[in-house]
Amino acid sequence: MSKAAEAIKNVEKISPKNMPLVEPLSRGHRACQGCGEVLALRQVLKAVGKQVIACSATGCMEIISSPYPQTAWEVPWIHVAFENVAAVASGVEAGRKALIRKGRIQDDNTKVMAFAGDGATADIGLQALSGAMERGHDFVYVCLDNEAYMNTGIQRSSSTPYGAMTTTSPPGAKSKGQSTWKKNMPLIAAAHGIPYVATASPAFHLDLMNKARKAAAVPGPAYLHIYSPCPTGWRCGPDTAIEASRLVVQTRVFPLFEVIDGRYVLTRDITKPKPVADYLKSQRRFAHLKDEDIEFIQKRVDEEWERLLNLVKATNPEAK
Amino acid sequence: MAQRVGLECSLAVSEAVKLANADVIAAYPITPQTHIVEHLSELVASGELDAEFVPVESEHSAMSACVGSSAAGARTFTSSSSQGLALMHEILYIASALRLPIVMVVANRALSGPISIWNDHGDIMSERDINWVQFFAENGQEVLDLTITAFKIAEDHRVTLPVIVNMDGFILTHVIEPIEMPEQNEVDAYLPPFVPAQKLDPAKPISMGMVGVPEVYTEARKACVDALEKSYPFIVEHWNDFAAQFGRHYKPIECYKTDDAEALFVTMGSLSETAMTTVDELRAAGQKVGLVHIRLWRPFPTDDFLAAIGESKPLMVLDRALSPGCNAGPVATELRALLYAKGKTHYVANFVAGLGGRDVTRADFKSMMAKTLSAAKSGAPMPYEMVGVKE
Ligand SMILES: Cc1ncc(C[n+]2csc(CCOP(=O)(O)OP(=O)(O)O)c2C)c(N)n1
Ligand code: SF4
C-alpha cells in the first residue's frame, strides 16, 4: 500500500489565509462550556467540508448534537449504537460503492466518516473497528479521546491514563486511580497496515485540520486519534481545554505523529520537553498523585517517546 | 418459462436474493445458515450477482453494516441464526426504528445452552418485539417466494420496515426439494429497483437516529408500532400480486380441512406439513380435525386467525420454544391473550415439542390431540406440557 503518500501529495493545505468558512457542525449544539471534544470535531469537519456522510457512535458528541427535533449536523448523519460505528460506516461505504457501480447514484467524491469517543473505540467498538480496517473500507475513523466514558458520567476506559481519577477508578487508600496504562490505539490501528494513521490535538489546529484533510484524501481506511479535553470530566475550568491540548504535546505525553503507508513521521518534534508534572498538575483528576507517582509516569512517558523515535527510525530512515 | 429444479432450500434463498438483485449482503457464518451466505458469496464472486459482499467480523456488525447500507439507499440482505441473531438483538430494534427495509432470512435454531445447532424457534421467539415484519415458511418453494416478496413489502413506501423470513434450520435449510425457479424478467417486473423513502445523501442532508427525549420517545415508538400494524393490507396486496403473476398464493393464515373440524392443530413453520399428514390420517380414522397454520407472525393477522378457528373448537397449539416461568409457550400465551381480549372461550391446550432438533412425529401429534380432546371434554385445566421429556 503506497497509495496514501500519493494521495496526500495533492491535498490543498489549510493555512490561516485560506481557513475554510464552512461549518458542517453548526452552532447551537449542547456541549458543555469549554468542551475540547466538540472543538476537535468542529475542526475536523471544517477541514473536510460538506461532501461527507457522518456516522456517530453513542457518546457525548452524538447526544449533544442531535436531540430531536434539533440537529447540529448540516451533513447527512446517522447514529445507530455505541459499539458499531465502524460497521455502520462499512455498510454506508459498501452501499454507495454498489450503487455507484450500478449507475444508480453518481460518484460525487463523498467521504464516509465515523466519529466515536475513546470508549466506543478502544473498548466496546474495537472489534468492529478492527474488522472495518481489515476489510479496507474507504472511510475515515475519528476517535475523539477524552480519556473516559463521559456520556455516562466519567467512568474509566482503557484509554484513561495511568493515575487518573474517574468515577470507576477512584483514588483511595488502596488505589492510585486508574491502575493501567493508556491503551495505544494509534499503534493498534497502524498494526492493521492501513494507509493513514495520525494523532492530533486541537491546540495545533492547522496540523489537526490538515491531517483530517489527508485522512479524507487517502483511499481506504484512515484513522485519526484526537486528544479531546473534557473540562467537566477532568474537573477543570471551562477555559482549560486549549492549554491542556498544548501542554500534553509539549510534555511528550501525547506525541503528534503520522503513519503513512506504514512509515512513522513525527509531525512535531519536542526537543525541550516540559516536565510531565506541569501537565498533570494542571488537572484536578491527577490532584491526588504524589511526587513518586509523577516520577513513575515521567519515566513511562520518556520510554514511550523513545519507542516512537525508534519506530520513526526503523520505518523512515531518511527522516532525520 | 419458470423451471422446476431440485435445489437445496438454502440455495433457493440465495437464488431469490440474486433474482431480487440485492446491492449489499453483509453476513457472518453460523450453522445452519451457512449455505445461504456461502452460495451468495459464490454468486458475487462469479459475477452472477452484482453486489457488495461484506464479510463482517460478527453478526452485530452484519446487522450494523446492513443498517448503514440500507440507509445509503442500497437493497440489503443478511441471514443468521440462533446465537448470531441474539448477537444482533440490539441493532434489530434500531433497524426497524430507522424504517430501513432490510431483508433477513433466519434459519431457526435453538439457543445455547447447552449449545445446539439444531432446529427450534427459541431464537426468533426472543425477537418477537423488534418491530420487524415476520413470516414463517413451510417449505423451500415458500422460502424462495417469500424472500422475493419480502423485498417488495419492505421497500413499499407505505410499509418501509425490515422483514424476516423464518425457515426451520436443517429441516428446511439442508433439504433438497423440487423448486420452481422464476425467470429473472418475471422477478424484475414484480420487483422494481429499490427507491428509498429517505437516504443519506450530501445533496439533501438528513439526520437519522437522533436522541429521543421523553417528550418524543413515546410518539416515536408509537409511529413504529403503527407502521407494523398498518403493513398488514400491503403484505396481503403484495402476496396477491405475486399470486397473479407467479400462480402461487400465500395467505397470512392457512387453513387445512378446518370447515367441519371439531378440533384444530395450530402450528408454524415446517411442522405444518407433518400436521397436515396427521390431519389426513386422523380423518381417515373418523376424527374430524383440521389445521391452522400461521404464516404471518408479525403483524399478527388477528382477524384471519379468528375467522380460521371458527367458534369454540378446542385448539392444540404447538410451540417450538419455551417461555420459562410462564406456564405456556410463547405462541400459546399470545393466542390465549388474543382470544380472551376478543371474548372467545376456545379451549387452548399447549404443547412444547421439537426443542433443539428433536423429531416431532405424526404419532406425537396424535397423542397431543388425544390429550387435548379428552382434557377439553372433561373440562380439566388446560394442559401445558413439554412433550417427550425423558425422566
Ligand atoms: C451496549 C451499550 N453499553 C453501554 C452503553 C452506555 N453508554 C453510552 S455512551 C457511553 C460512554 C461513551 O464514552 P466514550 O465512547 O468515551 O465517549 P464520550 O461520551 O466520552 O465522548 C456508554 C457507556 C450503551 N449505550 N450501549
Ligand atoms: S462531558 Fe465533557 S466531552 Fe461531554 S460535552 Fe461535556 S465537556 Fe464535552
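Nothing here was measured: the structure is a model prediction, and the numbers come from that model.

Notes on the pattern of salt bridges
No. 1: This structure, assessed with the given rule, holds 43 salt bridges over all chains.
No. 2: K18(B) is the salt-bridge partner of E48(B), the closest N and O atoms lying 3.9 Å from each other. Of this pair, E48(B) sits in the loop between α2 (34-45) and β3 (52-54) while K18(B) is found in helix α1 (residues 9-19), placing the two residues 30 residues apart along the sequence.
No. 3: As a salt-bridge pair, R295(B) and E254(B) come within 2.3 Å of each other at their nearest N and O atoms. Placement of the pair is R295(B) in the loop between β12 (289-294) and β13 (296-298) and E254(B) in strand β10 (residues 253-256), with a sequence separation of 41 residues. Summarising the burial analysis for this pair, R295(B) and E254(B) share the class buried.
No. 4: Ionic contacts of the salt-bridge type, sharing partners, join the residues K97(A), R101(A), D50(B) and E52(B) into one network.

What about the side chain of E138(B)?
Residues and elements named next belong to chain B.
No. 1: Looking at the secondary structure, you find E138 in the loop between β6 (133-136) and α6 (140-155).
No. 2: No salt bridge forms around the buried E138; measuring N to O, its nearest opposite-charge neighbour R295 is 4.4 Å away.
No. 3: Looking at E138, its side chain comes within polar contact range of the side chain of H293, at 3.1 Å.
No. 4: Excluding residues within four positions of it along the chain, E138 makes contact with L172, G269, S270, S272, E273, M276, H293 and R295.

Things to note about unusual backbone geometry
All names here are of chain B.
No. 1: For the peptide bond that leads from T31 to P32, omega is 5°, which places it in the cis range.
No. 2: Residue P299 is reached from R298 by a cis peptide bond, and omega for that bond is -5°.
No. 3: Within the secondary structure layout, P299 lies in the loop between β13 and α11 (302-309).
No. 4: At F170, a position not held by glycine, the phi torsion is positive, near 60°.
No. 5: Note that F170 resides in the loop between β7 (163-168) and β8 (176-181).

Quick notes on the UniProt feature "domain: Thiamine pyrophosphate enzyme TPP-binding" (unreviewed entry) in chain A
No. 1: The UniProt record marks residues 58-226 of chain A with the feature "domain: Thiamine pyrophosphate enzyme TPP-binding" (unreviewed entry), using the residue numbering of this structure.
No. 2: This span, residues 58-226 of chain A, is 34% helix and 18% strand, and a straight line between its end C-alpha atoms measures 17 Å.

Digging into the sheet that holds β7(B)
Residues and elements named next belong to chain B.
No. 1: Pairing is mixed across the open sheet formed by seven strands, whose spatial order is β3-β2-β4-β5-β7-β6-β13. Two strands in the sheet have a free side with no partner beyond their single neighbour: β3 and β13. Within this sheet the neighbouring strands show an average axis-to-axis angle of 20°, counted without direction.
No. 2: As paired strands, strand β5 (residues 103-108) and β7 are joined by six bridges and run parallel to one another. Bridged to V103 within β7 is V163.
No. 3: Its contacts with the sheet put α1 on β2 (24-26), β4 (76-80), β5 and β7, and the angle it makes with β7 is roughly 160°.

Conventions we followed
- Residues numbered from 1 in each chain as written.
- Chains lettered and ligands numbered in written order.
- Predicted model: local features only at pLDDT ≥ 70, side-chain atom pairs only at ≥ 80, totals over all residues.
- Heavy atoms only, no water.
- Salt bridge = Lys/Arg side-chain N within 4 Å of Asp/Glu carboxyl O.
- Helix = DSSP H or I, 4+ residues; strand = E, 2+ residues; numbered from the N terminus.
- Buried < 20%, exposed > 50% of the residue type's maximum accessible area, 1.4 Å probe, protein only.
- Lys, Arg positive; Asp, Glu negative; His and termini not counted.
- Polar contact = N/O pair within 3.5 Å; in protein donor to acceptor, adjacent residues only side chain to side chain.
- Contact = heavy atoms within 4.5 Å.
- UniProt positions renumbered as here; feature names shortened; annotations may be inferred.
- Pairing = 2+ DSSP bridges.
- Axes fitted to C-alpha atoms, helices over the stretch in contact; angles between N-to-C directions.

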